[in-house]
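Survey of secondary and tertiary structure
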Amino acid sequence: MSAAPILQVRNLRAAFRTHHFGVRRDVPAVDDISFDVRANEIYGLAGESSSGKTTLIKTIAGVIKPPLELVGGSARFAFLPDCESLAQASPAAVAAIRWSKLAYIMQGSMNVLNPVRRIGKTFEDFALRHIGSAGDFQQRVEAHLQRVRLEPSVLRSYPHELSGGMRQRVTIALATICAPDFIIADEPTTALDVIVQKDVLAMMRDIQGAMGASILFVTHDMGVHAALTDRLGIMYAGRLVEEAPTDVIFRGALHPYTRHLIASLPRIGDRSERKSLTGVPPNLANAPPGCRFHPRCPLAVDICRVQAPAMTELATQHRVACHVVTGEAA
Amino acid sequence: MTAVDDVSFSMVADAPEVLTIIGESGSGKSTLARMILGIHAPSSGRIVFEGEEVSARVARDRHAFMAKVQPIFQNPFESFNPLKKLDRYLFMTAERFGRAGRGNVERVCDEALGAVGLSLAEVRGRFPHELSGGQLQRAAIARALVSRPRLIVADEPVSMVDASLRMSIVNLFSRLKREFGLTIIYITHDLATAYHISDRLIIMRRGQIVETGEARGVLSAPKHPYSQMLKDAVLTPDSAGIFRSSVQSRL
């Protein structure tokens, strides 16, 4: 693993702010998050729905529209070292790195393809400005499609003529054609069948390995994280609560939420009772004080109710935000 | 186009069970569910409920049939009208199915909510968006219980529910089977939860049953090549690094 991170996120905060009918609502969906993504690794982000995963990567990618606002902190890419965050970069700077350095595979990405444009045209829209001449371009696209095991004939197809798995491969080919340094993937396989999903994930790993890109991979599916990612960050209610190499998270998670999340996963071959946590994830418009997990936490003590725990590195590469766990370790 | 092709199975009235139907999208599992619910009529073949063909029974008295066979759908946020308060749904269901007059409607609904771990106090006056996905799916199950059904057809009931709450819904189905003698048809593509709660299992592909049998037996040692492929494709915490090694060996 190389030393310099390709993405440095420091104390990033973003909130949904609305002001309607005299009522101010402030929903801190991304709250003081810091982590690094290194070159040539797949970093996974896990968490339940409304834990802020998608908001976090939108903030990182600079896709910030009201009511979402960047409140503070930075998300710095190695290929744009002078820029605190993409949201503040000039349009020209963003246009220069978009797709050539940074690609984004969006949630439900089977539906991002323009339904009235042939796939080949979509490739031109996305990538032609970044790669060579028109003649050369066609060849490069066809060669690249082979990597994702698609026939050149799909370039003449419309999206509706392709199956879900094929469309997903097209979007992955789109995202990787310019050999970007960094790929953001938001639940790229959630809508796919398990068999197709396994195929697509294996392919993403192959391409990532061959191109040496980094991927920030977001999904709530812990099985996918186990199979694919190198390191894993666990989010709960807008905060990062634990981060470690993926196998460490599955073998020896420390945070009570992570431990519970993993223990609750059903497995074939093991029929012992699975318990779910009591309570529900908090509403961030009215988040509990202190540690946001404390109302559901079996280990909660007094300090958890008043003071938010900081991420503390307890072992090499293993950070946890929990008063009880860090207290015992100290 | 044939969505469900020559499917046969039966469930015994006095032996409540959880029967799971598994298959990829487009395998016809939802179409099968809709035929069991009497929403679609089969093009050929028969679906018989309590000795009478479903389509005939629905034609005769749809209402009485609905009281006995209740659905639970995938996305609770779509199955409830966002502008209608939840307690109204429960009260209306109780009144329509003749379970309650004005006097005891609240008690009937409170009992149904109690069976799923909620209470009337928790949902009274609240709109669907005020509950979490897990709570709302419980409320949907409670609504289905109000009419005292014998059969529940649950079409992907946990795919929209958060991971940490998913097992609580799945466990709830086991409990309803045990405590109320309910027969449950659980439709899913998730083999792991199916392993946990089902007694019997049907694996479908392209409208046909490819394998069926006792759930643990089938999932532990699937015989049909498609079932084996399905089981192999399930990613679990134990599949750590399966793609990593494949890359490294190639390099």
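Remember, it's a predicted structure, so these values are computed and weren't measured experimentally.

Some thoughts on the overall build of chain B
Within chain B, the regular secondary structure consists of twelve helices and eight strands. Radius of gyration (C-alpha) of chain B: 20 Å, near the 18 Å computed for a compact globule of 251 residues. Across its three principal axes, chain B shows a C-alpha extent of roughly 70 × 40 × 35 Å. Sequence-distant contacts, at least 24 apart, represent 67% of the contacts inside chain B between residues at least 6 apart.

Description of the sheet that holds strand 3 (residues 42-46) of chain A
Residue and element names in this part refer to chain A. Strands sit in the order 5-6-7-3-8-9-11-10 across an open sheet of eight strands; the sheet is mixed. This sheet does not close on itself; its edge strands, each paired only once, are strand 5 (102-105) and strand 10 (312-315). Taking the axes of each pair of neighbouring strands and ignoring which way they run, one obtains an average angle of 20 degrees across the sheet. Pairing of strand 5 with strand 6 (residues 182-186) involves four bridges; the strand directions are parallel. Bridge pairing links Leu102 to Phe182 in strand 6. The sheet contacts of helix 5 (residues 164-176) involve strand 5 and strand 6, and relative to strand 5 the element is tilted by about 165 degrees.

Regarding the interface of chain B and chain A
Contacts between chain B and chain A engage 40 residues on the former and 38 residues on the latter. Inspection of the region where chain B meets chain A yields one residue pair in polar contact (both at pLDDT 80 or more). Counting residues per element, the ones that place at least two in the side of chain B that touches chain A are helix 8 (163-180), helix 9 (191-197), helix 10 (215-220), helix 11 (225-233) and helix 12 (242-250) of chain B. At seven residues, helix 8 of chain B tops the list of elements feeding residues into the side of chain B that touches chain A. Looking at side-chain class alone, the side of chain B that touches chain A contains 18 nonpolar, 13 polar and nine charged residues.

Observations concerning the environment of Gln74 of chain B
Residues and elements named next belong to chain B. Mapping Gln74 onto the fold places it in the loop between strand 4 (69-72) and helix 3 (76-79). Taking the C-alpha atoms as reference points, Gln74 and Pro149, separated by 75 residues in sequence, lie 19 Å from one another. Non-local contacts of Gln74, meaning those with residues more than four positions away in its chain, are made with Gln137, Asp155, Glu156, Pro157, Ser159 and Met160.

Some words on the packing of aromatic side chains
A full pass over the atoms with the stated rule returns ten aromatic pairs over all chains. A centroid spacing of 5.2 Å and a plane angle of 75 degrees characterise the contact between Phe77 of chain A and Phe182 of chain A, whose relative ring orientation is edge-to-face. One end of the pair, Phe77 of chain A, is in strand 4 (residues 68-77); the other, Phe182 of chain A, is in strand 6, with 105 residues separating them in the sequence. A relative accessible area of 0% places Phe182 of chain A in the buried class. When the ring of Phe173 of chain B is compared with that of Tyr186 of chain B, the centres are 6.1 Å apart and the planes differ by 45 degrees; the resulting orientation is tilted. Separated by 13 residues along the polypeptide, Phe173 of chain B in helix 8 and Tyr186 of chain B in strand 6 (residues 183-188) bring together distant segments of the chain.

Describing the nonpolar core
Nonpolar side chains tend to gather and get buried jointly when the protein is soluble and globular. Of all hydrophobic cores here, the largest spans 42 residues; its most connected members are Val123, Ile141, Leu145, Phe173, Leu176 and Ile184 of chain B. Mapped onto this core, the elements with two or more residues apiece are helix 4 (86-96), helix 5 (105-115), helix 6 (120-123), helix 7 (133-145), strand 5 (151-155), helix 8 and strand 6 of chain B. Leave out the neighbours within four places in its chain, and Ile184 of chain B touches Met11, Glu17, Val18, Leu19, Ile152, Phe173, Leu176 and Lys177 of chain B. Counting 40 residues, the second-largest nonpolar core is a separate cluster that includes Ile42, Ile105, Ala127 and Val154 of chain A.

Examining the confidence of the model for chain B
Averaged over all residues, the pLDDT of chain B is 87; the fraction at 70 or higher stands at 96%. Within the model, the stretch residues 246-251 of chain B combines pLDDT values under 50 with four contacts to residues more than four positions away or in other chains.

Considerations on the packing of helix 3 (residues 119-127) of chain A against helix 4 (residues 134-147) of chain A
Residues and elements named next belong to chain A. Running from N to C, helix 3 and helix 4 cross one another at 110 degrees; their axes reach a closest spacing of 11 Å. Overall, the two elements helix 3 and helix 4 adopt an arrangement that is roughly perpendicular. Residue-level inspection shows Phe123, Glu124 and Ala127 of helix 3 in contact with helix 4, the latter providing Phe137, Val141 and Leu145.

Overview of the side chain of Asp230 of chain A
Looking at the element boundaries, Asp230 of chain A is found in the loop between helix 7 (222-228) and strand 8 (231-236). In this structure the side chain of Asp230 of chain A is engaged in a polar contact, spanning 2.8 Å, whose partner is the side chain of Arg205 of chain A.

Observations regarding the sheet that holds strand 2 (residues 23-38) of chain A
Residues and elements named next belong to chain A. Ordered in space as 2-1-4, the three strands form an open sheet in which the pairing is antiparallel. Every other strand in the sheet has two partners, leaving strand 2 and strand 4 as the edge strands with one partner each. Pairwise comparison of adjacent strand axes, ignoring direction, gives a mean angle of 5 degrees for this sheet. Direction of pairing for strand 1 (residues 5-20) relative to strand 2: antiparallel, over a ladder of eleven bridges. By the bridge assignment for strand 2, Phe16 is matched with Val27.

Notes on a nonpolar patch on the surface
Judged by side-chain polarity, Val301, Ile303 and Val306 of chain A come together as a nonpolar surface patch covering roughly 250 Å² of accessible area. For Val306 of chain A, the position within the fold is in helix 10 (residues 302-306).

Regarding helix 5 of chain A
Residue and element names in this part refer to chain A. Taking 1.5 Å as the rise per residue, helix 5 with 13 residues should run 18 Å; its terminal C-alpha atoms sit 18 Å apart, in good agreement. Most of helix 5 sits inside the fold, with ten of its 13 residues counted as buried. Listed as buried for helix 5 are Gly165, Gln168, Arg169, Val170, Thr171, Ile172, Ala173, Leu174, Ala175 and Thr176. Next to the buried residues of helix 5 lie strand 5, helix 3, helix 4, strand 6 and helix 6 (194-211).

A few points about unusual backbone geometry
Residue and element names in this part refer to chain A. A cis amide bond, omega 10 degrees, links Pro66 with the succeeding residue Pro67. You can see Pro67 is positioned in the loop between helix 1 (53-61) and strand 4. Residue Asn11 is not a glycine yet carries a positive backbone phi of 45 degrees. Looking at the element boundaries, Asn11 is found in strand 1. The class for Asn11 is partly exposed, based on a relative accessible area of 41%.

Criteria and thresholds
- Residues numbered from 1 in each chain as written.
- Chains lettered and ligands numbered in written order.
- Predicted model: local features only at pLDDT ≥ 70, side-chain atom pairs only at ≥ 80, totals over all residues.
- Heavy atoms only, no water.
- Helix = DSSP H or I, 4+ residues; strand = E, 2+ residues; numbered from the N terminus.
- Rg over C-alpha atoms; globule rule 2.2 N^0.38 Å.
- Contact = heavy atoms within 4.5 Å.
- Pairing = 2+ DSSP bridges.
- Axes fitted to C-alpha atoms, helices over the stretch in contact; angles between N-to-C directions.
- Polar contact = N/O pair within 3.5 Å; in protein donor to acceptor, adjacent residues only side chain to side chain.
- Nonpolar A, V, L, I, M, F, W, Y, C, P; charged D, E, K, R; others polar.
- Phe/Tyr/Trp six-rings, centres within 6.5 Å; stacked < 30°, edge-to-face > 60°.
- Buried < 20%, exposed > 50% of the residue type's maximum accessible area, 1.4 Å probe, protein only.
- Core = buried A, V, L, I, M, F, W, Y, C linked by side-chain atoms within 4.5 Å.
- pLDDT = per-residue confidence, 0-100.
- Parallel < 35°, antiparallel > 145°, perpendicular 65-115°, else oblique.
- Patch = residues over 30% accessible without salt bridge, like charges linked within 9 Å, V, L, I, M, F, W, Y side chains within 5 Å.
- Areas by Shrake-Rupley, 256 points an atom, 1.4 Å probe, with all protein chains shown as cover.
- Salt bridge = Lys/Arg side-chain N within 4 Å of Asp/Glu carboxyl O.
- Expected span 1.5 Å × (residues − 1).

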